[in-house]
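# Structural overview
The primary structure of each chain is shown beneath.
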Amino acid sequence: MKLFKPPWITHDDKPIFSIDIHPDESRFATGGQGDGGSSGKVIIWNMTPVVNQKDEVNDKIPKVLCVMDNHLACVNSVRWSCNGRYLASGGDDRLIMIWQFAGYGGAGVFGGQPTLKTSTGERWRCTHTLKGHTGDVLDLAWSPGNQWLASCSIDNSVVIWDVEKFPAITTVLKGHTSLVKGVTWDPIGSYVASQSDDKTVKVWKTLDWKLETTITKPFDECTATTHVLRLSWSPDGGILVSAHAMNNSGPTAQIIDRDGWKTEMDFVGHRKAITCTRFNSCMFSKLKTEGESKPYTCCAVGSRDRSLSVWLTSLQRPLVVVHDLFDNSVMDISWSFSGYSLLCCSWDGTVAYVQFTPQELGQTLTQEEKNKLHKETYGKTSTMVSQPLIIENPAMLAIQEKKNDSNVNDQNEKLKPPTTPIKYPTKQIETRTPSGKRRIIPVFVAPQEALGGIPRPFGSSSPFGKSNSSSNLSKSMEKFSDHSSNESPLKVVDKSKTSPHQNSNDKNTTTLKKSENESNIQPSAVQSSATGKENTQENFSSPVKLDNDTADQKKKAVLDSRLCEKTLPSVVKEKTIPRSVHFNEQLEPAKNSPKLPPPPSSLPPSPSIIKPTDSHPPVFPRRPGRPPLHLKRKQGSLPASPGRKKHKIGKDNPKNLDDLGTRHDEHEKEVHHPLIKTTSTPRHTITTNILPALKLTKKLTASCPKLPGTIIQIHNELNSDDKVIASALHKIICCVDKDEVWTSVMSAPATAVSLSRLIVCIGCSDHTICVLSTKSGRQMLPQICFASSSSPLALLQCRAHFVMAVDALCNLSIWNTQNGLVVIDNKSFMNQIITNHNKPTSNSSDAMLQKCSLTDRGLPLITLSNNKTLTYDVSLAAWIFVSLPGDSIEQFTDHITVTHDHSHDEDDINGLLSKKFSSGMGCQAGRTFHATASAQRDATLVLLERKLSASLLLQSASHYKRWLLAYVRYLVQGNYDLRLREVCDDLIGPPADRTISDNLVSWKSYILGLSKRMLLREEVLPVIGANLSFQRMYTEYHDQLELADDSSDDDRMEDDFT
């Protein structure tokens, strides 16, 4: 065994909270605090200088490969994917970043000083940022096969991410009542386990993401004293080892048996709480020379007592215990892929490297042997975890096969050969137009390297080939294996060949004495040489005797010479500068720090609050570009009228503020503008018109897009002063392609005319409305009295066989000329315009009417200046908003998958219900740091339900079907079981064995002309069946549909017989 603490692995003396070795063993990643302690940093290191002492002192071999400081707060966890393609990092900024290899050359932080003497290094780029937690992310874990990524947080949840569809969330596991500090996967892929401060370990099934069991007994006496609780699953899948358990008031690492989730065994011996456990990914067996044995596993345990212990499941005692390895808690542990190397990090900002030999751990099992063992025990291997376990319904099996076929087609589309690249200019081109203006064509900047491949081992030419570190490791293994059984497998290192990092004052080395009564694989304990006392603990079942003889006197097993620098914390502080910076000390302010002077008690008064006096009136000189002072209003004065006189202020004679009074005319002229801005006066005090009244003109024309070539002309008999001629007739002419088709007359002149493919509606000056037939000019309805002299007609429109009229006081009426009934009877939308909540600009609290239109189904659409649209619901007798683009709910929605729109509805309805989510929707939530993921999901559900309601209200069947599918997809993705059942219950109707249900008294089988049960069968159930977690729900409603169809067939047969 060799132990080494590289002094150059540091985060600028800041804590290192996580460490992980790449599967090719050529690099490893660390995560912790960044510069200043307020940011997070991820560093990728070269493994070769750690393994090989000669490479450590070679300046041509880089130590740091890449530094990434994109995190806004401390990084708590870094984990490589199983194939080494991705690196995931999570931190206190509630973000999870996915990194991918982007090429070689240049290490260090972007914009900072280079950290290496050479330019050799790697580039890693953040390709995905996962936002799903509302609190600090504490631990990460990749599933076997890299199908999912699990993350846990202090928001009491575990989020399962779909790796193939980043940043899509597969499910959110909720059940913990306190901070979740650790997560791990079953190597078979059947379970995922999490540990929390609520004194529980929960095991979840990956088949349907339901809770399998909750273990509480070993954690009843635990308190929240650890930063993390990293639990680990053995590679054979048999046991789960948790952190921070208690047994007889002593800290232990609890062993949870997969068979019945029993908690009868634990790892004991540490003096303080266990912070992390990590199983070796390899399974071991005894060497062939020692005879056959059952496979066993190896687990490393780190604690707050600064010690590290390594256990074999074939032994009842620890294989090795390293006391006082760090100056603070052990935070994370990582094993190499080969199984003989270990890295661990500590809160004190240092890293330790431990190397074992086959004589100590045993011989590793091949992947084929592991798969065979898994197959015999569980019926499947870790390579089969992506396959569904059991599908109970044949229809659901067909859905899964169809889904797999579509995924294969998508992958084939991605693998198509690229097209010929476009040639871009490599030099800047500057030309001049005939007018003399410059036109510049900039230089093309090449895109960044294509990502997606698995990085090669650093210093190797083939992925997962024999890297520098792995070759050195294999050589060292061969060297150790050549020793005889009588000799210790550890070699004595000559003092002359010690590392340059070794402290020259430390002359003693730590030795390890092997007991004569033990076998070749012996428990051992390591002690620092500075003390000369035995540092074993009575808590361990078999402490090993230590000998302090020097290496020259005792050429037995010794540690790596580079360990000589390691001393106890007290000795280190005396001889060397302390390298660790305690996190708690950074947060405490200095005791003797000078206090800032208090703010001045008196400040010069602001000119805006100086009150003018008679003796010394304030002078306000006019500045260029600013409005004159007479346009400013005194507080409490009335708004200026349009007809007020303009005052001129000379530069030499500035006016007194008191002289600049305001005047309000009682009888002011009406201003005609297409967008009439309303005042903030209450409705009962408004006596003037809100909308502009229509004026008399000598000629009016109207046309209809659905009747090309058809024009209605109205000739009003007016005199030269545009006044009505008494006892005159006013003519109506209908022309088709300039040919007169029919004519008619009116007794009152017309102020408005509108044409549809069925009717012609005319508004007259005597406050009546005439409705004629477009085909013949026949009067279809008697003259309708609408509006009055105090509120004249402001808008008239017809569509299909509907007529809409609006007066100047925002009273709206709609009639159905086909059946002669009123649809909306004189309903006012004045309150929706005069409101302080609809702000078209930041300087005004008033809303304006931008557009008023009528749909083919006789529904009004009122569009305000802030793009909000409302309509009137006859059944509810209320105005309803159908579009709120400025609403915060739409701004904070999550990404929504919506099918392509093939609707044939009119343009107004398509514009309201076909909003795209790529612009505006969710963008602000993505940029805003305080936007929580749960709030985003809730906002998305509210928005989808709004879209469904608007589609129903506007009677658009195509849009209703479109948004229903989007709603169901989001419910399935987020595991919203109750809402999904409510939707299915509404579509399937009352049960087949009863004629009516209590909750579905008014159930109708059709909605907007669509069969509800057909929607459930052909649209909704296939979406539910695509997710195996809703397999039981799919089967339940599929069987109910079969029963409902059989019942309806029997009813038809009875009707035919009758």
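Residues numbered from 1 in each chain as written. Predicted model: local features only at pLDDT ≥ 70, side-chain atom pairs only at ≥ 80, totals over all residues. Heavy atoms only, no water.

### Comments concerning the confidence of the model for the protein
- Confidence in the prediction of the protein, expressed as mean pLDDT, is 74, and 65% of residues score 70 or more.
- Low confidence marks residues 384-389, where pLDDT is under 50. Its contacts with residues over four positions away, or in another chain, come to 10 contacts.
- Here residues 835-845 is a poorly scored stretch, pLDDT under 50, and it has 20 contacts once near neighbours within four places are set aside; other chains count. (pLDDT = per-residue confidence, 0-100. Contact = heavy atoms within 4.5 Å.)

### Re the side chain of S285
- Position of S285 among the secondary structure elements: in strand 24 (residues 284-285).
- Classification of S285 as buried rests on a relative accessible area of 16%.
- Excluding anything up to four places from it in sequence, S285 contacts S293, Y296, G362, Q363 and L365. (Helix = DSSP H or I, 4+ residues; strand = E, 2+ residues; numbered from the N terminus. Buried < 20%, exposed > 50% of the residue type's maximum accessible area, 1.4 Å probe, protein only.)

### A word on the packing of helix 14 (residues 957-973) against helix 15 (residues 977-988)
- It is the contact of helix 14 with helix 15, at a shortest axis distance of 9 Å, that shows an interaxial angle of 140 degrees. Side by side, helix 14 and helix 15 meet where L964, Y967, V968, L971 and V972 of the first sit next to R979, L980, V983 and L987 of the second.
- Of the residues assigned to the contact of helix 14 with helix 15, the class counts are eight nonpolar, no polar and one charged. (Axes fitted to C-alpha atoms, helices over the stretch in contact; angles between N-to-C directions. Nonpolar A, V, L, I, M, F, W, Y, C, P; charged D, E, K, R; others polar.)

### Re the nonpolar core
- Counting residues in each nonpolar core, the largest one holds 42 residues, and the members touching the most others are L964, V968, L980, L1016, V1020 and I1024.
- Contributing elements (two or more residues each) for this core: helix 5 (394-414), helix 11 (907-913), helix 13 (933-953), helix 14, helix 15, helix 16 (1012-1025) and helix 17 (1031-1057).
- Take this core: its biggest share by element is nine residues, from helix 14.
- Here L964 is in contact with L948, V983, L987, L1015 and V1020, once residues within four sequence places are set aside.
- Counting residues in hydrophobic clusters, the runner-up holds 26 residues, among them L3, F284, L308 and V320. (Core = buried A, V, L, I, M, F, W, Y, C linked by side-chain atoms within 4.5 Å.)

### A short note on the pattern of salt bridges
- Overall, the coordinates contain 21 salt bridges when judged by the stated rule.
- The salt bridge partner of D139 is R230, with a shortest N-O separation of 3.0 Å. Of this pair, D139 sits in strand 10 (residues 137-142) while R230 sits in the loop between strand 17 (211-215) and strand 18 (232-233), and the two are 91 residues apart along the sequence. Residue D139 shares its accessibility class with R230, and that shared class is buried.
- Residues joined by salt bridges that share partners form a network here, namely R79, D139, R230 and D332. (Salt bridge = Lys/Arg side-chain N within 4 Å of Asp/Glu carboxyl O.)

### Some thoughts on the side chain of S813
- With respect to the element layout, S813 can be found in strand 45 (residues 811-816).
- Judged by relative accessible area, which is 3%, S813 ranks as buried.
- Polar contacts involving the side chain of S813 include one to the main-chain amide nitrogen of N826, which spans 2.8 Å.
- Leaving out residues up to four positions away in the same chain, S813 has contacts with F786, V803, M804, A805, I824, D825 and N826. (Polar contact = N/O pair within 3.5 Å; in protein donor to acceptor, adjacent residues only side chain to side chain.)

### With respect to the sheet that holds strand 47 (residues 849-854)
- Across the sheet, four strands lie side by side as 47-48-49-50; this open sheet has antiparallel pairing. Each edge of the open sheet is held by one strand with a lone partner, namely strand 47 and strand 50 (878-883). Across the sheet, the mean angle separating the axes of adjacent strands is 25 degrees when strand polarity is ignored. (Pairing = 2+ DSSP bridges.)

### Considering the pairing of strand 40 (residues 759-764)
- Counting buried positions along strand 40 gives six out of six residues, so the element sits mostly inside the fold.
- Inspection of the sheet shows strand 40 paired to strand 41 (residues 768-773) by five bridges, in the antiparallel sense. Bridge assignment links G763 to a residue of strand 41, and that residue is I769.
- Here strand 40 hands over to strand 41 after three residues, with H767 in that stretch at a positive phi of 65 degrees.

### Digging into unusual backbone geometry
- A cis amide bond links F166 with the next residue in sequence, P167, at an omega value of 5 degrees.
- Within the secondary structure layout, P167 lies in the loop between strand 12 (157-162) and strand 13 (169-174).
- Even without being a glycine, K738 presents a positive backbone phi close to 70 degrees.
- Structurally, K738 can be placed in the loop between strand 37 (730-736) and strand 38 (739-746).
- Of the residues examined, K738 reaches a relative accessible area of 81% and is grouped as exposed.
- Positive phi, normally seen in glycine, also occurs at Q955, with a value near 55 degrees.

### What to know about the packing of helix 15 against helix 16
- Packing of helix 15 against helix 16 brings their axes to within 8 Å, and their N-to-C directions diverge by 150 degrees. Classified by the angle their axes make, helix 15 and helix 16 are roughly antiparallel. Counted together, L980, C984, D986, L987 and I988 of helix 15 and K1012, R1013, L1016, V1020 and I1024 of helix 16 form the full contact between these two elements.
- Tallied by class, residues from the contact of helix 15 with helix 16 come to seven nonpolar, no polar and three charged. (Parallel < 35°, antiparallel > 145°, perpendicular 65-115°, else oblique.)

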